[in-house]
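The primary structure of each chain is shown beneath.
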Amino acid sequence: AAPPAAVPTVKLQGAASPNMEMPATGMGTGCAIGGCNWGAPKPFASLNMSKQWLSIGGRRFDGADSYGIEPGIGEAIKQSAIPRSEIFITSKTGPGGLAWPLGYNETLDQARQIVANYSTTYVDLLLIHWPTNYGPCSFHGPKPSIPTTDPACDTALPSYSAKECRLSTWRAMVQVWKSGLARAIGVSNFNTTHLEEIAEAGLRALH
């Protein structure tokens, strides 16, 4: 079903299901509402605000695995009894770093975990949160080794390559999309050069 008539939509193209539309406005989530606390996660810090958002007609959520508050959104959706098809969920893998590294297997694992976090069978849009495996966080001193099973993404190995890591991670995203865990895929915080890498490698997920 379509979002409420009062909410304008944007058509998604490229790595997206046919005729897919996204509500132009959504509820952002993140560290400011109690997320991103690795030592003491608060998965339901987002519950009340998500319930309020749905009650006023909101139908799009923007989350991320690293925020740690996706279960609250999923519970709000469940309590609302609004059909899943009327709600648009955006989430993100990564952003790199110790807890959410980039890499092929890591991206597949995070995608499965994200879907489980929302207590659903798919997300509408899944993004790669950050273009490098160091993540956006500020480290003091030498960059730490980022454990990952992907040789291109392991910062401690000679095989590490930021570019090849991005491409390997995108290959996993294409697999996520083809498997149905996400209806559309994309990137976040990538610059033009990063996007050109994907295009030049022929890794656009087109029908």
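Quick notes on the rules
Residues numbered from 1 in each chain as written. Predicted model: local features only at pLDDT ≥ 70, side-chain atom pairs only at ≥ 80, totals over all residues. Heavy atoms only, no water. Axes fitted to C-alpha atoms, helices over the stretch in contact; angles between N-to-C directions. Helix = DSSP H or I, 4+ residues; strand = E, 2+ residues; numbered from the N terminus. Parallel < 35°, antiparallel > 145°, perpendicular 65-115°, else oblique. Left-handed = near helix turned anticlockwise from the far one by under 90°. Contact = heavy atoms within 4.5 Å. Nonpolar A, V, L, I, M, F, W, Y, C, P; charged D, E, K, R; others polar. Buried < 20%, exposed > 50% of the residue type's maximum accessible area, 1.4 Å probe, protein only. Core = buried A, V, L, I, M, F, W, Y, C linked by side-chain atoms within 4.5 Å. Disulfide = S-S within 2.5 Å. Arc of directions from axis to C-beta. Salt bridge = Lys/Arg side-chain N within 4 Å of Asp/Glu carboxyl O. Pairing = 2+ DSSP bridges.

Asker: What exactly am I supposed to notice about the packing of helix H4 (residues 162-179) against helix H5 (residues 192-200) here?
Answerer: A pair of packed helices is characterised by two quantities: the angle between their axes and the separation of those axes. Relative orientation of the contacting elements H4 and H5 amounts to 60 degrees, with a least axis distance of 10 Å. Taken together, the axis directions place H4 and H5 in an arrangement best described as oblique. Crossing of H4 over H5 shows right-handed handedness. Residue-level inspection shows Lys-163, Arg-166, Leu-167 and Trp-170 of H4 in contact with H5, the latter providing His-194, Glu-197 and Ile-198. For the contact of H4 with H5, a count of residues per class yields three nonpolar, one polar and three charged.

Asker: Any chance you could explain unusual backbone geometry here in plain terms?
Answerer: Most peptide bonds are trans, and most residues other than glycine sit at a negative phi. Here Gly-94 and Pro-95 are connected by a cis peptide whose omega angle stands at 20 degrees. On the secondary structure map, Pro-95 appears in the loop between strand E5 (88-93) and helix H3 (104-117). Backbone geometry places Ala-81, a non-glycine residue, at a positive phi of 65 degrees. Among the structural elements, Ala-81 can be located in the loop between helix H2 (70-80) and E5. We classify Ala-81 as exposed; its relative accessible area is 65%.

Asker: Quick question: what am I supposed to make of the nonpolar core here?
Answerer: Nonpolar side chains tend to gather and get buried jointly when the protein is soluble and globular. With 39 residues, the main nonpolar core has Phe-61, Val-123, Leu-126, Trp-170 and Ile-185 as its most contacted residues. If you list the elements that add at least two residues to this core, you get helix H1 (47-55), H2, H3, strand E6 (125-128) and H4. Among the elements that line this core, the one with the most residues is H4, at eight residues. With eight residues, the next largest nonpolar core counts Leu-12, Met-22, Leu-127 and Ala-184 among its residues.

Asker: Just checking my understanding: could you explain the state of the cysteines for this structure?
Answerer: Using the criterion set out here, one finds one disulfide in the structure. Between Cys-153 and Cys-165 runs a disulfide, and the two sulfur atoms are separated by 2.1 Å. Taking the sign of the S-S torsion, 105 degrees for the link of Cys-153 and Cys-165, the bridge is right-handed. With Cys-153 in the loop between E6 and H4 and Cys-165 in helix H4, this pair connects stretches of sequence that are 12 residues apart. As far as burial versus exposure is concerned, Cys-153 and Cys-165 are alike and both buried.

Asker: In this structure, what is going on with H1? I would like to understand it.
Answerer: Since the α-helix turns once every 3.6 residues, residues separated by three or four places project in the same direction. Residues of H1 that are buried: Leu-47, Ser-50, Trp-53 and Leu-54. All buried residues of H1 fall inside an arc of 125 degrees around its axis, so they share one side. In H1, the exposed positions angled more than 90 degrees off the buried face are occupied by Asn-48, Gln-52 and Ser-55. Positioned one or two residues after H1, Gly-57 has a phi angle of 100 degrees, which is positive.

Asker: Could you clarify how one ought to interpret the pattern of salt bridges in this entry?
Answerer: Oppositely charged side chains are able to pair whenever their charged atoms sit close together. Scanning the entire structure with this criterion turns up five salt bridges. Here Asp-124 makes a salt bridge to Arg-183, at a shortest N to O gap of 3.1 Å. With Asp-124 in the loop between H3 and E6 and Arg-183 in the loop between H4 and strand E7 (185-187), this residue pair connects regions lying 59 residues apart in the sequence.

Asker: Is there a simple way to explain the pairing of E6 in this structure?
Answerer: In regular strands, side chains alternate between the two faces of the sheet. Both faces of E6 are covered, namely the face carrying Leu-125 and Leu-127 and the face carrying Leu-126 and Ile-128. When E5 meets E6, the two strands line up parallel, connected through four bridges. Directly across from Lys-92, in E6, lies its bridge partner Leu-127. When E6 meets E7, the two strands line up parallel, connected through three bridges. Its bridge partner lying in E7, Leu-126 is registered against Ile-185.

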